[in-house]
Amino acid sequence: MAAAAMRPSMGALGRISTSTPSPLRPLTQTASLSTTAALLKRHKYREARVYRDNSKHRGESAIHRSGTRWRLSMSDEPLPRPVPRDKLPAIETDPDHGLWEFFQNRSMVVNSPPEIAKHGRSWTAEELRHKSWDDLHRLWWVCAKERNRIATANWERNKSGLGFGEAEMRERDNAVRQTMRSIKHVLTERFYTWEDAIKVAEKDPEVDLTGNGPAFTPSNFLEDSDVAATEGEQQAAEATEEAVEKAEPAAAATPESATIPSSQQQTDTPRL
Amino acid sequence: MQPTRVLQALRYRRLRLTTKDVNKGYYKGTGTGSTGRHTKHGGYIIEWDKVRTYVCPPLDGFKLTPFVTKNMSRTYGSYETKLGPKDPATYLARWKSENGLD
């Protein structure tokens, strides 16, 4: 009963909601159509049917070029003419737009194969072991951007049928991917070593991992005995420093700036 | 799962495992996670806390490139211990010498 009683009022509600303007719709529009005269014009001419003709294309002929039988409302309106291309205003683009980073060269769609082949080798894991977390994180994104550039160039070359360059691009891509693999390798290795080092540190009397007080309390403050105690560790640190020093002059001597690894080797940054 | 002898002789084990090789309940997937949940009406609601967001760190002034010059030969580490770079003792010693704080 309640439902039956509700029914007419619900119907009335529906009618009300359709007739009242929605609050979402702006009320600025006053006419239902555009008030342009051409659209509202209705031609009344001789021989116009008073009843509806079900055959829409009656009397139209492709052979006799008859056109439409009925005159259209805009038949006597002048048609717009396209603006010649040289008269069009120049398209303004942002010279510093971020999408430009998808291209290796702004003046060319795709670099030539010799240009593509100009790249160095990939990073080795040992070289990346001396980098900080932030450096590796940023290098990963540099690699990702380079791969985006490669993919864009490949797509452009396929699209336009520009020919050679696929093999060079593949080699370049492989080098970038090898660098990315090495980054992953180093970070995974660092994490596992960190986990193992915590286990070692729990047994170390010098290290306090409880969070109360300093984490590291050297048992001996004297430099000499310190050296004697950690001789092996010092050697390991020296070995890494030597490797870095070896890397630096070689990098500085290269003429090609794009492939020079950073001379700011961050050996002093903490790896934790 | 051990396939029958016939399939083993056909080097069946060398083939990639598909959903047709095993009984029902096996979900192969593509390694990607979900970004929402299915509704009972067949729709899908995206849960934005499940959608992956990757934040690129600021790269201004970052000089490293994906490549190293070929003038420099590949460097490999030489380590005294058997574990090499994975040696936790070396890690701890380096932490003590460089940081020792956190």
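Because the structure is a prediction, the values reported are computed rather than measured. (Residues numbered from 1 in each chain as written. Chains lettered and ligands numbered in written order. Predicted model: local features only at pLDDT ≥ 70, side-chain atom pairs only at ≥ 80, totals over all residues.)

Undergrad: Just to check I follow, could you spell out the overall build of chain B for this structure?
TA: Each helix and strand in chain B was counted, giving two helices and three strands. Starting at the N terminus, the α and β elements of chain B follow one another as α-β-β-β-α. (Helix = DSSP H or I, 4+ residues; strand = E, 2+ residues; numbered from the N terminus.)

Undergrad: Looking at this model, I keep getting lost on the overall build of chain A. Mind explaining?
TA: Across its full length, chain A holds eight helices and one strand. In sequence order, chain A lays out its α and β elements as α-α-α-β-α-α-α-α-α. Per-residue burial for chain A yields a buried fraction of 12% across its 272 residues. Taking the intrachain contacts of chain A between residues at least 6 apart in sequence as the baseline, contacts between residues at least 24 apart amount to 62%. (Buried ≥ 20, exposed ≤ 12 C-beta atoms within 10 Å, placed from the backbone. Contact = placed C-beta atoms within 7 Å.)

Undergrad: I would appreciate a short explanation of the packing of helix α5 (residues 133-160) of chain A against helix α6 (residues 166-203) of chain A in the present structure.
TA: To characterise two packed helices, one gives the angle between the axes of the helices and the distance between these axes. Residue and element names in this part refer to chain A. Running from N to C, α5 and α6 cross one another at 155°; their axes reach a closest spacing of 10 Å. Judged by the inter-axis angle, α5 sits roughly antiparallel to α6. Taken as a pair, α5 and α6 cross one another with a handedness that is left-handed. Two secondary-structure elements touch here, α5 through L136, L139, W140, C143, E146, R147, I150, A153 and N154 and α6 through M169, R172, D173, V176, T179, M180, I183, V186 and L187. (Axes fitted to C-alpha atoms, helices over the stretch in contact; angles between N-to-C directions. Parallel < 35°, antiparallel > 145°, perpendicular 65-115°, else oblique. Left-handed = near helix turned anticlockwise from the far one by under 90°.)

Undergrad: What should I look at first to understand the confidence of the model for chain A in this one?
TA: Residues and elements named next belong to chain A. Model confidence for chain A is summarised by a mean pLDDT of 73, while 62% of its residues fall at 70 or above. Low pLDDT, under 50, characterises residues 1-23; the stretch is placed with one contact to residues that sit more than four places away or in other chains. Below a pLDDT of 50 lies the segment residues 25-34, which in the model reaches four contacts outside its immediate sequence neighbourhood of four places, other chains included. (pLDDT = per-residue confidence, 0-100.)

Undergrad: Is there a simple way to think about the packing of α6 of chain A against helix α2 (residues 88-98) of chain B in this case?
TA: Contact pair α6 of chain A / α2 of chain B: the axes reach a minimum separation of 8 Å and the direction vectors enclose 80°. Classified by the interaxial angle, the pair formed by α6 of chain A and α2 of chain B is roughly perpendicular. On α2 of chain B, the residues that touch T193, W194, D196, A197, K199, V200 and A201 of chain A of α6 of chain A are P88, A89, Y91 and L92 of chain B. Taken together, the residues of the contact of α6 of chain A with α2 of chain B sort by class into eight nonpolar, one polar and two charged. (Nonpolar A, V, L, I, M, F, W, Y, C, P; charged D, E, K, R; others polar.)

Undergrad: What is the right way to read unusual backbone geometry from this model?
TA: Negative phi values dominate among residues other than glycine, just as trans dominates among peptide bonds. Of note, R65 of chain A is a non-glycine position whose phi angle comes to about 55°, a positive value. Inspection of the secondary structure puts R65 of chain A in the loop between α2 (37-40) and α3 (113-116).

Undergrad: Quick question: what am I supposed to make of the nonpolar core here?
TA: Generally speaking, a soluble globular protein has its nonpolar side chains buried in company with each other. Listed in full, the 12 residues of the largest apolar core are W123, L128, L139, C143, A175, V176, I183 and V186 of chain A together with L64, F67, V68 and M72 of chain B. Mapped onto this core, the elements with two or more residues apiece are α5 and α6 of chain A together with β3 (67-68) of chain B. Ranked by residues supplied to this core, first place goes to α6 of chain A with four residues. What L128 of chain A contacts, discounting residues up to four positions off in sequence, is W123, L136, S182, I183 and V186 of chain A. A197 and A201 of chain A together with Y91 and L92 of chain B belong to the second-largest nonpolar core, a separate cluster that totals six residues. (Core = buried A, V, L, I, M, F, W, Y, C linked by C-beta atoms within 7 Å.)

Undergrad: Teacher, can you tell me more about α6 of chain A here?
TA: Because an α-helix completes one turn every 3.6 residues, residues spaced three or four positions apart along the sequence face the same direction. Across its 38 residues, α6 of chain A extends 56 Å between first and last C-alpha, which sits within 8% of the 56 Å expected from 1.5 Å per residue. When we look at burial in α6 of chain A, the residues that qualify are M169, R172, A175, V176, T179, S182, I183, V186, T193, A197 and A201 of chain A. (Expected span 1.5 Å × (residues − 1).)

Undergrad: Got a minute to help me understand the confidence of the model for chain B in this structure?
TA: Detailed reading of the predicted coordinates is not advisable wherever pLDDT falls low. On average, chain B scores 87 in pLDDT, and the residues at 70 or more come to 89%. Model confidence for the complex: the whole-complex pTM is 0.60, and ipTM, which rates the interface, is 0.76.

Undergrad: Would you explain the environment of C143 of chain A in this entry?
TA: Turning to its location among the elements, C143 of chain A is positioned in helix α5. Look at C143 of chain A and you get buried, because 23 C-beta atoms sit within 10 Å. For the pair C143 of chain A and M180 of chain A, spaced 37 residues apart in sequence, the C-alpha separation works out to 6.9 Å. Sequence-distant contacts of C143 of chain A, that is, excluding residues within four places in its chain, are made with V176, T179 and M180 of chain A together with P66 of chain B.

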